[in-house]
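Below, each chain spelled out in residue letters.
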Amino acid sequence: TKRPIGVFFGFPFPSKRIDLLLEALQISNTQFILSCRLREDSAYERSLLEMLRHLQAAGRPVYWTNYLEDEDISQLLQLCSYFVLTQQASLTGKSSTAITASAYGLPVIAQAPSSPILSHPYNNKNSILLPEVTAEGVAKQLITLENNPQLIPTKELEQLKQYFDWQEIIDKHIKLWETLA
């Protein structure tokens, strides 16, 4: 069996808590690719670069690609097994990186929605939703998937891809407009 590969791509805003993800990777020693532009002139991004260097010096299988163009990120996502979003906020259907990962058939590991009442495309059959995002909790999940790749949720990934399909979104909006007219 192929060793699972996790991925994060997107803007390295402090709210995304990439530092927490890198802490989890220090604990878990799982194979991971981080794809985002990191600059030395930003204190937060410089700290992420230092953490990456430390992980790589320790022999951790964590790789950094910097910014990738659309075609390259598309190829990268096709190689990966799951997407991790460590922001300490509920995953919503508005996260553009999660939507992109879902469109490529990748399950998402992220914080569960705060309210079960919210209409939500993600569930535990197409993603792994954590009650809260901590380095230890994410690391535990990554270790579980590393040791048991068959636990990577794939049951409803096709429905999730369809949920974010542009034609589906257009059709839903047209239907809504027709209903309101």
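Residues numbered from 1 in each chain as written. Predicted model: local features only at pLDDT ≥ 70, side-chain atom pairs only at ≥ 80, totals over all residues. Heavy atoms only, no water.

**Details of the packing of helix α1 (residues 18-28) against helix α2 (residues 43-57)**
Running from N to C, α1 and α2 cross one another at 10 degrees; their axes reach a closest spacing of 10 Å. Classed by the angle they form, the pair α1 and α2 counts as roughly parallel. For the pair α1 and α2, the contacting residues are I18, D19, L22, E23, L25 and Q26 in the first and Y44, L48, M51, L52, H54 and L55 in the second. Looking at side-chain class alone, the contact of α1 with α2 contains eight nonpolar, two polar and two charged residues. (Axes fitted to C-alpha atoms, helices over the stretch in contact; angles between N-to-C directions. Helix = DSSP H or I, 4+ residues; strand = E, 2+ residues; numbered from the N terminus. Parallel < 35°, antiparallel > 145°, perpendicular 65-115°, else oblique. Contact = heavy atoms within 4.5 Å. Nonpolar A, V, L, I, M, F, W, Y, C, P; charged D, E, K, R; others polar.)

**Description of the layout of surface pockets**
What the largest pocket holds in volume is close to 460 Å³. As for the largest pocket, its lining consists of 19 residues, of which F9, G10, F11, Y67 and L68 are closest to the centre. Those elements giving two or more residues to the lining of the largest pocket turn out to be α3 (70-79) and α4 (96-103). (1 Å grid on protein atoms, 1.4 Å probe; cavity = no way out; pocket = protein on both sides within 12 Å on 5 of 7 lines; lining within 4 Å. Points joined across faces, edges and corners; volume = space filled by probe spheres on them.)

**As for the nonpolar core**
Core analysis: the largest hydrophobic core is formed by 51 residues, its most contacted members being L34 and F83. Counting residues per element, this core draws most heavily on α1, which supplies six residues. Non-local contacts of F83, meaning those with residues more than four positions away in its chain, are made with V7, F8, F9, T97, A98, A101, L106, P107, V108 and I109. (Core = buried A, V, L, I, M, F, W, Y, C linked by side-chain atoms within 4.5 Å. Buried < 20%, exposed > 50% of the residue type's maximum accessible area, 1.4 Å probe, protein only.)

**Describing α2**
Over its 15 residues, α2 extends 21 Å from the first C-alpha to the last, a length consistent with the 21 Å expected when each residue adds 1.5 Å. Turning to α2, its buried residues number three or more, namely Y44, E45, L48, L49, L52 and L55. The buried residues of α2 all sit within an arc of 140 degrees when viewed along its axis, so they share a single face. α2 presents A43, H54 and A57 as exposed residues on the side facing more than 90 degrees away from its buried surface. As for α2, its buried residues are in contact with α1, β2 (32-35) and β3 (62-64). Positioned one or two residues after α2, G59 has a phi angle of 85 degrees, which is positive. (Expected span 1.5 Å × (residues − 1). Arc of directions from axis to C-beta.)

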